[in-house]
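What the coordinates show
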Amino acid sequence: MEAAGGGGGAAGGIALHDFSGQLGEQRVHFHAMRLRDSLFLWVGAAPALASLAVAMCSPRDSIPVAASLLGDPSDTASSCLAQRLASKTKKQIFVSYNLQNTDSNFTLLIENRIKEEMTAFPDKF
């Protein structure tokens, strides 16, 4: 697994962080952009922006609310991942999940890789 910090940014500013990992038989790349009170996370194997979802915590519900902004609304991989990350970080999360494999075991590997990186580099998220 590799990590490369791109552009630091001051506290409260924009921070970019790129990392990748071999998950099963697939090489997966991640691009995180931390904004003031939110996080944009791109996940994919090749340059594409086929889907985009947003999720955020709500004071009225214990489960973060999510919406699909781009792509097929029946493909819930981006919104599900955004919800789980919003629940963990308590931030507004934008996720673009651009992989064909949406199997729940594989998406759990994706989520665990992201959480691993969040633990190692908390200032980037």
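A brief structural summary. All values derive from a computational prediction rather than experimental measurement.

1. Quick word on the packing of aromatic side chains
Taken as a whole, this structure holds two aromatic pairs when the rule is applied. Measuring from centroid to centroid gives 4.6 Å for Phe-19 and Phe-30, while their planes differ by 5 degrees, and the two rings are stacked. Linking Phe-19 in strand β2 (residues 15-23) with Phe-30 in strand β3 (residues 26-34), this pair joins segments that are eleven residues apart in sequence. Looking at Phe-30, the relative accessible area reads 2%, which means it is buried. Centroid distance Phe-19 to Phe-125: 6.2 Å. Interplanar angle 70 degrees. Geometry classified as edge-to-face. Placement of Phe-19 in strand β2 and of Phe-125 in the segment after α2 (104-120) is noted, with a sequence separation of 106 residues between them. Among the residues examined, Phe-125 registers a relative accessible area of 7% and is labelled buried. A connected cluster of aromatic rings, assembled from ring pairs, spans Phe-19, Phe-30 and Phe-125.

2. Focus: the nonpolar core
In this structure, Val-43, Tyr-97, Ile-110 and Ile-114 are the most contacted members of the largest nonpolar core, which totals 23 residues. For this core, the elements supplying multiple residues, two or more each, are β2, β3, β4 (38-44), α1 (77-89), β7 (92-98) and α2. Among the elements that take part in this core, α1 stands out by supplying five residues, more than any other.

3. Points about a nonpolar patch on the surface
On the surface, Leu-49, Leu-69 and Leu-70 cluster together to form a nonpolar patch covering roughly 270 Å² of accessible area. A residue is classified by how much of its surface remains accessible, and Leu-69, at 49% relative accessible area, is partly exposed.

4. Points about α2
Relative to the 24 Å expected for 17 residues at 1.5 Å per residue, α2 spans 24 Å between its end C-alpha atoms, a close match to the ideal helical length. When α2 is considered as a whole, its buried residues turn out to be Phe-106, Thr-107, Ile-110, Glu-111, Arg-113, Ile-114, Glu-117 and Met-118. Taken end-on, α2 shows its buried residues confined to a sector of 155 degrees, consistent with a single buried face. Seen from the open side of α2, the exposed residues pointing more than 90 degrees away from its buried face are Ser-104, Asn-105 and Thr-119. Its side-chain oxygen at 3.1 Å from the backbone nitrogen of Asn-105, Asp-103 defines the N-terminal cap of α2.

5. Let's talk about the environment of Ser-58
For Ser-58, the position within the fold is in strand β5 (residues 52-58). It is 23 Å that separates the C-alpha atoms of Ser-58 and Pro-122, two residues lying 64 residues apart in sequence. Polar contacts involving the side chain of Ser-58 include one to the main-chain amide nitrogen of Arg-60, which spans 3.1 Å.

6. So, the packing of α1 against α2
Taken N-terminus to C-terminus, the directions of α1 and α2 make an angle of 30 degrees; their axes are 11 Å apart at the nearest point. Between α1 and α2, the angle falls in the class roughly parallel. The crossing of α1 and α2 is right-handed. Judged by residue contacts, Leu-81, Arg-84, Leu-85, Lys-88 and Thr-89 of α1 engage Thr-107, Ile-110, Glu-111, Ile-114, Lys-115 and Met-118 from α2. Class assignment of the residues belonging to the contact of α1 with α2 gives a composition of five nonpolar, two polar and four charged.

How each quantity is defined
- For every chain, the first residue of its written sequence is number 1, and the numbers climb from 1 along that sequence.
- With the structure being a predicted model, the display of local features is reserved for residues of pLDDT at least 70 and the display and counting of side-chain atom pairs for 80 or more, all residues being used for whole-chain, interface and lining totals.
- Excluded from the side-chain calculations are hydrogens and water; all other atoms, namely the structure's heavy atoms, are used.
- Two aromatic rings from Phe, Tyr or Trp, using only the six-membered ring of Trp, form a pair when their centres are within 6.5 Å; if the ring planes differ by under 30 degrees the pair is stacked, by over 60 it is edge-to-face, and anything between is tilted.
- Strands are runs of DSSP state E lasting at least two residues, helices are runs of H or I lasting at least four, and both sets are numbered from the N terminus onward.
- Only protein chains enter the accessibility calculation, which uses a 1.4 Å probe; a residue whose area is less than 20% of its type maximum is buried, one above 50% is exposed, and one in between is partly exposed.
- By convention a nonpolar core is built from buried Ala, Val, Leu, Ile, Met, Phe, Trp, Tyr and Cys residues, the set being connected through side-chain atoms within 4.5 Å.
- Candidates for patches are residues over 30% relative accessible area with no salt bridge; among them, like charges are joined within 9 Å and nonpolar side chains (Val, Leu, Ile, Met, Phe, Trp, Tyr) within 5 Å.
- Under the convention used here, a 1.4 Å probe and the Shrake-Rupley method define accessible areas, while residue burial counts only the protein chains that appear.
- Any Lys or Arg side-chain nitrogen located within 4 Å of an Asp or Glu carboxyl oxygen qualifies as a salt bridge.
- A helix is expected to span 1.5 Å for every residue after the first.
- To obtain the arc, one takes the directions from the helix axis to the C-beta atoms.
- Here a polar contact is recorded for every N or O atom pair within 3.5 Å, except that within protein the pair must consist of a potential hydrogen donor and a potential acceptor, and residues adjacent in sequence are included only if both atoms are side-chain atoms.
- Axis lines are fitted to C-alpha atoms, over the contacting stretch for helices. Their N-to-C directions set the angle, which ranges from 0 to 180 degrees.
- Oblique is the label for every angle not falling under 35 degrees (roughly parallel), over 145 degrees (roughly antiparallel), or within 65 to 115 degrees (roughly perpendicular).
- For any helix crossing, the convention is left-handed if the near helix is rotated counterclockwise from the far helix by under a right angle, and right-handed if that rotation is clockwise.
- Here, two residues are considered to be in contact whenever any of their heavy atoms come within 4.5 Å of each other.
- The classification used treats Ala, Val, Leu, Ile, Met, Phe, Trp, Tyr, Cys and Pro as nonpolar, Asp, Glu, Lys and Arg as charged, and all other residues, Gly among them, as polar.

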